Amino acid sequence: MIKVAKFGGSSVADAEQFKKVHAIVKADPERTYVVVSASGKRSSSDNKITDLLLLVNAHIQYGVDCSGLLATIEQRYLDIALELGLKFPVGEEFARFAENIKSYSPDFIVSRGEWFTAQLMAEYLDMPFVDSADVVMFHHDGTIDMERTQIRLREAIIHTGGSFVLPGFYGSTVDGQIKLFKRGGGDITGAILARCIDAGIYENWTDVSGFLAADPRIVDKPRGIHRITFEEMRELSYMGASVLQEEAIFPVREVNIPIQIKNTNAPDEFGTIIRETANEHAREHLITGIAGKKDFVGIYVQRAHMSNEVGRVRRALSILERYGVSVEHIPTGVDSFSIVVNGADVKDSIYSIVADIQRDLEPDTINVLPGLALISVVGRNMSRRVGTSGQIFGALGEAGINIRMITQSSQEISIIVGVQNEDFEKAIRVIYERFGDAVVVRER
Ligand code: ASP
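Definitions and cut-offs
Position numbers for residues count from 1 along each chain, tracking the sequence in the order it is written. Residue-level local features of this predicted model are given only where pLDDT is at least 70; pairs of side-chain atoms are given and counted only at 80 or more, and the full residue set underlies all totals for whole chains, interfaces and linings. Only hydrogens and water are set aside; all other atoms, that is, all heavy atoms of the structure, feed into the side-chain values. A run of H or I in DSSP counts as a helix once it spans at least four residues, and a run of E counts as a strand once it spans at least two, with each numbered from the N terminus. Based on C-alpha atoms, the radius of gyration is set beside the globule rule, defined as 2.2 Å times the residue count to the power 0.38. Partly exposed describes any residue whose relative accessible area lies between the buried limit of under 20% and the exposed limit of over 50%, with all areas from a 1.4 Å probe on protein chains only and scaled to the type maximum. Only strands joined by at least two bridges in the DSSP assignment are considered to pair. Residues are counted as near a molecule or strand when any one of their heavy atoms sits within 4 Å of it. What qualifies as a polar contact is a pair of N or O atoms within 3.5 Å, subject to a donor-acceptor requirement within protein and to the restriction that residues adjacent in sequence count only when both atoms come from side chains. Put simply, Ala, Val, Leu, Ile, Met, Phe, Trp, Tyr, Cys and Pro go in the nonpolar bin, Asp, Glu, Lys and Arg in the charged bin, and everything else, Gly too, in the polar bin. To define axes, lines are fitted to C-alpha atoms, for helices over the stretch in contact only, and angles between the resulting N-to-C directions are given on a 0 to 180 degree scale. We call two residues in contact when some of their heavy atoms are within 4.5 Å. To pair, rings of Phe, Tyr and Trp, with the six-membered ring standing in for Trp, must have centres within 6.5 Å; the planes then decide the type, stacked if under 30 degrees apart, edge-to-face if over 60, and tilted in the middle.

### Let's talk about the overall build of the protein
Scanning the protein from N- to C-terminus turns up 14 helices and 17 strands. Rg of the C-alpha trace for the protein: 25 Å, near the compact-globule value of 22 Å for 444 residues, within the 12% margin. Considering only C-alpha atoms, the protein reaches an extent of 75 × 60 × 40 Å along its principal axes. Out of the 444 residues in the protein, the part that is buried amounts to 52%.

### Regarding the pairing of strand β6 (residues 201–206)
The buried count for β6 comes to 6 of 6 residues, which makes it a mostly enclosed element. Along β6, one buried face is formed by Ile201, Glu203 and Trp205 and the opposite face, lined by Tyr202, Asn204 and Thr206, is buried too. The pairing of strand β1 (residues 3–7) with β6 spans 5 bridges and is classified as parallel. Each residue of the ladder has a partner; that of lysine 6, found in β6, is asparagine 204.

### Some remarks on the site of the ligand
Close to the ligand lie Ser37, Thr50, Glu114, Phe169, Arg183, Gly184, Gly185 and Gly186, which account for all nearby residues. Note that a nitrogen atom of the ligand is positioned 2.7 Å from one of the side-chain N or O atoms of threonine 50. A distance of 2.7 Å is found between an oxygen atom of the ligand and a backbone nitrogen or oxygen belonging to glycine 184. For the shell around the ligand, a count of residues per class yields 1 nonpolar, 5 polar and 2 charged.

### Description of the environment of serine 43
As for its position among the elements, serine 43 is in the loop between β2 (31–36) and α2 (49–61). Considering only alpha carbons, one finds serine 43 and serine 10, 33 residues apart in sequence, at a separation of 8.9 Å.

### So, the sheet that holds β1
Read from one edge to the other, the open sheet built from 7 strands follows the order β3-β2-β1-β6-β8-β9-β7, with strand pairing classed as mixed. Only two strands of the sheet have a single partner each, and these edge strands are β3 (164–167) and β7 (227–229). Shown here is a sheet whose adjacent strand axes are inclined to one another by a mean of 20 degrees, direction ignored. With 5 bridges joining them, β6 and strand β8 (residues 259–263) adopt parallel strand pairing. Among the inter-strand pairings, threonine 206 is bridged to a residue of β8, identified as asparagine 263. Those strands touched by helix α5 (residues 106–125) are β2 and β3, and its axis lies near 165 degrees from that of β3.

### Thoughts on the side chain of arginine 312
Topologically, arginine 312 is positioned in helix α11 (residues 312–322). Of the polar contacts made by the side chain of arginine 312, one reaches the backbone oxygen of leucine 361; its length is 2.8 Å. In this structure, arginine 312 is in contact with Arg303, Met306, Phe337, Asp360 and Leu361, ignoring residues within four places of it in sequence.

### Quick look at the packing of aromatic side chains
By convention here, two paired aromatic rings are described through the distance between centres and the angle between planes. With the rule as written, the count across this model stands at 14 aromatic pairs. A ring pair is formed by phenylalanine 18 and tyrosine 124, whose centres lie 6.3 Å apart and whose planes are at 45 degrees; its orientation type is tilted. Pair noted here: phenylalanine 18 is in helix α1 (residues 15–26) and tyrosine 124 is in helix α5, with a separation of 106 residues, a long-range link. A relative accessible area of 0% places phenylalanine 18 in the buried class.

### Overview of the sheet that holds strand β11 (residues 289–302)
The strand order across the open sheet built from 6 strands is β12-β13-β11-β14-β16-β15, with neighbouring strands paired in antiparallel fashion. The sheet terminates laterally at β12 (327–329) and β15 (403–408), the two strands that pair on one side only. Adjacent strand axes in the sheet meet at a mean angle of 35 degrees when their direction is disregarded. Sheet analysis places strand β14 (residues 365–378) next to strand β16 (residues 414–420), joined by 7 bridges and oriented antiparallel. What sits directly across from valine 378, in β16, is serine 414. In the packing of α11 onto the sheet, contacts are made with β11, β12 and β13 (336–342), and the angle to β13 comes to roughly 20 degrees. Across the sheet, helix α12 (residues 350–361) touches β11, β13 and β14, and the angle it forms with β11 is around 45 degrees.

So this is what it looks like as structure tokens:
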């Protein structure tokens, strides 16, 4: 089985981390393709190389001298090379980069973070370096040209004898310019590589042992999630439990390649496997995980006999669309509905939105209800199992927590409960304590 191993910024932050990567890659001969991010933070007060390079761009844009900043970046790579005894000419390469800095595009400048990291890693692992500029190809519209990328990657495999180190985060446009992915995009490079070479698994090495069933800042030592489906992961990530760049799942999901999140600092821990279906065990947890976010806003609209009228919800939604606001939920009553949106999205526009709804829909009542927290209880095993939602609501009721909104996803894999911001942490703890460890026994 071919394995693609992608190492995030903290996994390649310094020589010590490089050594861990070396041990991990060499421990498994199937780990033949390695993707790296730019060196990240060595401690919480440190800076990511990518951020420093973005700052270089800002200096150039405003005509401020950036030689000190460039020296700081260079030093990070010099330290790694020196400590690991690498021959790669960091000083020479960096001098050339610094000298021509003004002639480069902003994307090119930022991409050098992964480029230098990958050059050093390739030498340290004794594997060939392949430049993403030569193999990761974008279409004119900025999406990935999977066909051309696959052809180029297959050529690279033949050329290198089937093993290489690839810098993440960037590729080439149709006219040969360097183009970056979104932030965290090294995860996307790894996913594209895994898909194009038909890998058996895409390992994503980071600084946590995968997904946890709840936020450890709220719940004391929540259990790790060993297996999760792509759909469940989308639900949890959307609600804030994010480990992986969201877009990284699409290339591998389509061809059903599993992703395994692993911890570079604790390689023996299992981590989390994300795949299309995950029902492999007779005993599984009822709930896969709980995640949530605060500060949603409900816009409540009521008008007598609205149930007999057609098009009012649509008109309200068009107003939000005009303001570019994405809608989270629309709980409805007979003659009323609420539109739940992310508070940050309407921070500056809420009064204009309300005025527009007032004018266009002529409601009897319109209220803005801030301070709503949404909690998503996610679990593939909840589907078609009678009583789960009843138990969740019962537990919250017993704890004296008022539920302000309820929805269930159509696949029944998540139940979303809206509570007051003040009840958010308590509600998560109550649900976790009651269901976090509950298991279901499935018939085989
Ligand atoms: N270095 C890039 C970033 O910090 C990409 C990545 O780490 O995946 O966003």
